[in-house]
Amino acid sequence: MPSQQPLLSVEGLSKSFSGIRAVDDLTFVVGPGEILGLIGPNGSGKSTSIDCITGFAKADQGSVLLDGKRLNGARAEQIAQAGLSRTFQNVRVYDRLTLMENVLIARQAYDCVPWWQALAGTQACRGAERRASERGRELIHLVGLSTMSAFPAAFLSYGQKKLLALAMALMSNPKIVILDEPLAGVNPTVIRRIAGLIQSLNSDGQTFIIVEHNVQFIMEHCSRVVVMEQGRKLAEGPPSLIKEDERVLHAYLGKADAVAMELVFHGQ
Ligand SMILES: Nc1ncnc2c1ncn2[C@@H]1O[C@H](COP(=O)(O)OP(=O)(O)OP(=O)(O)O)[C@@H](O)[C@H]1O
């Protein structure tokens, strides 16, 4: 549990789909500068929780506070504007648009000048456009895609699209970035690049929540881990404690012996 005032507080979050309790009374906090890992077996409710927190699904119960501001009932774009941005399990980029256009579109949800200024092409509007282009260039460079900046996103490999999605999520200078399975379908080289980016952004103060099936990655890169099983929080703590928790091994493999430990925590 972080000692500072939490940046994000999720309390009593619940969501059912026609009788299936996908998320059941989930409570956790994220402190400023943390990298929180959210793990659990398939169907344990991770994505539904993230969808409810980010306004992509409506929770049945519970509250979400970002920096003390209540987000319940807000639309996804309002939540993004408040400082909570995310990527998706199935990467979402616009294939026909260039990388630069993709990041500029991502920023529009957050840093839009009023429509009348945009129509009139005011100085404020031109200034905002210039700042957005500079930020977009910086982020495309940061994720290592500068040489492809003017190419359509369709030219990118799946792993490169994940890097573009990360740049898009950062466009708004969010308080928290939620990465939903950033490593799924990605080769080891891109995994290393994503890991390096997360670490370097985090050392500059960026807070992350990472939802991931690669438990080894979570154990290496997160300061704290929340484990879900059947919609509920099963365990929570630093990686060193989670690794010792037999309930976590049981949740994944139905047993908690040395072989299970190697398989879950070291991917062997
Ligand atoms: N739109 C939906 N309609 C009906 N049931 C759903 C829907 N979305 C999720 N569920 C169910 O809710 C439960 C939690 O699903 P969720 O996708 O949140 O789990 P998850 O931990 O993210 O799984 P995975 O790791 O496989 O992505 C599952 O039983 C799933 O079948």
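Residues numbered from 1 in each chain as written. Predicted model: local features only at pLDDT ≥ 70, side-chain atom pairs only at ≥ 80, totals over all residues. Heavy atoms only, no water.

To keep things clear, this is the line we draw: UniProt positions are given in the numbering used here, feature names are shortened, and annotations may be inferred rather than shown by experiment.
Going by what an unreviewed UniProt entry lists, the protein chain is known as ABC transporter ATP-binding protein and is assigned to Mesorhizobium salmacidum. The heading Sequence similarities (unreviewed entry) in the UniProt record of the protein chain holds the text "Belongs to the ABC transporter superfamily."

### So, the overall build of the protein chain
Threshold: Only DSSP runs of H or I reaching four residues or more are called helices, and only runs of E reaching two or more are called strands; each is numbered from the N terminus. When accessible area is computed with a 1.4 Å probe and restricted to protein chains, residues below 20% of their type maximum are described as buried, those above 50% as exposed, and intermediate ones as partly exposed. Contact criterion: two residues are considered in contact whenever any of their non-hydrogen atoms come within 4.5 Å of each other. Throughout, the Shrake-Rupley method with a 1.4 Å probe supplies accessible areas, and for residues the shown protein chains are the sole cover considered.
Helix and strand counts for the protein chain come out as eleven helices and ten strands. Buried positions account for 50% of the 268 residues belonging to the protein chain. Taking the intrachain contacts of the protein chain between residues at least 6 apart in sequence as the baseline, contacts between residues at least 24 apart amount to 66%. On the protein chain, roughly 12,900 Å² of surface is accessible, and the fraction owed to carbon and sulfur atoms is 51%.

### Focus on the sheet that holds strand 2 (residues 20–30)
Here is the rule: Pairing between strands requires that DSSP locate at least two bridges from one strand to the other. Axis angles are defined between N-to-C directions and span 0 to 180 degrees, where every axis is a line fitted to C-alpha atoms and, for a helix, only to the segment in contact.
Judged by pairing direction, the sheet is antiparallel, and its four strands sit side by side in the order 2-1-4-5 without closing on themselves. A single partner strand is all that each edge strand has here, and the edge strands are strand 2 and strand 5 (69–70). Relative to strand 5, strand 4 (residues 61–66) is paired through two bridges, and the arrangement is antiparallel. Bridge pairing in strand 5 places Leu65 opposite Arg70. Packed on one face of the sheet, helix 1 (residues 46–53) meets strand 1 (8–17), strand 2 and strand 4 and runs near 115° to strand 1.

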